[in-house]
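Understanding the architecture of this molecule
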Amino acid sequence: QVHFVESGGGLVQPGGSLRLSCAASGFTFSSYTMTWYRQAPGKERELVARITTPGGGITYADSVKGRFTISRDNAQNTMFLQMNSLKPEDTAVYYCNARSILIATINYWGQGIQVTVSA
């Protein structure tokens, strides 16, 4: 059974930092491209950062380049998102996503974790 544990969210002041984690189980993590998405109130879900496998190719949304860093630990079945210099517009529910590199229609979502950037 596929299961995600997302952690590290919360309330932070502008300019602060948070580190999100997405611990996965129930599938072969190393065979899945991992992505962080986010959805702000009244807005569509958007890609934040993606890390592929193998090779670890990385893609960032323009809005987070230079501030966010995505990484993965295949031995621990975990993906991370280090978020620095946070802005109020980063406020959203952040979701982890796993997509099979073998069968693209196999696609799993985490339950989401709230990140709020506010003074």
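Note that the structure is a prediction, hence the values are computed from the model and not measured. (Residues numbered from 1 in each chain as written. Predicted model: local features only at pLDDT ≥ 70, side-chain atom pairs only at ≥ 80, totals over all residues. Heavy atoms only, no water.)

Take the pairing of strand β8 (residues 78-83) next. With respect to burial, β8 is a largely interior element, five of its six residues being buried. Bridge analysis of strand β3 (residues 18-25) against β8 gives six bridges, and the strand direction is antiparallel. Bridge assignment links Leu 20 to a residue of β8, and that residue is Leu 81. Where strand β7 (residues 68-73) and β8 come together, six bridges link them in antiparallel fashion. Within β8, the position partnered with Phe 68 by the bridge is Met 83. Joining the antiparallel neighbours β7 and β8 is a turn of four residues, in which Asn 77 adopts a positive phi near 55 degrees. (Buried < 20%, exposed > 50% of the residue type's maximum accessible area, 1.4 Å probe, protein only. Helix = DSSP H or I, 4+ residues; strand = E, 2+ residues; numbered from the N terminus. Pairing = 2+ DSSP bridges.)

Turning our attention to the packing of aromatic side chains. To describe a pair of aromatic rings, one takes the distance between the centres and the angle between the planes. Taken as a whole and assessed by the stated rule, the structure comprises seven aromatic pairs. Each ring, one from Tyr 32 and one from Tyr 108, has its centre 5.8 Å from the other, and the planes form 25 degrees; the classification is stacked. Taken together, the residues span a long stretch of sequence, with Tyr 32 in strand β4 (residues 32-39) and Tyr 108 in strand β10 (residues 107-109) at a distance of 76 residues. Residue Tyr 32 is classed as buried on the basis of its relative accessible area of 8%. Taking the centre distance of 6.5 Å and the plane angle of 85 degrees together, the rings of Tyr 95 and Trp 109 count as edge-to-face. With Tyr 95 in strand β9 (residues 92-100) and Trp 109 in strand β10, this residue pair connects regions lying 14 residues apart in the sequence. Cation over ring: Arg 19 sits above Phe 80, and NZ or CZ is 4.0 Å from the ring centre. Positioned above the aromatic ring of Tyr 95, the side-chain terminus of Arg 45 is 3.8 Å from the ring centre. (Phe/Tyr/Trp six-rings, centres within 6.5 Å; stacked < 30°, edge-to-face > 60°. Lys NZ or Arg CZ within 6 Å of the ring centre and 35° of its normal.)

Bringing unusual backbone geometry into the picture now. Thr 53 connects to Pro 54 through a cis peptide bond whose omega is -10 degrees. One non-glycine residue, Asn 77, lies in positive phi territory at about 55 degrees. Mapping Asn 77 onto the fold places it in the loop between β7 and β8. A relative accessible area of 27% places Asn 77 in the partly exposed class. With a phi angle near 50 degrees, Ser 85 is a residue other than glycine that sits in the positive phi range. Within the secondary structure, Ser 85 is located in the loop between β8 and β9.

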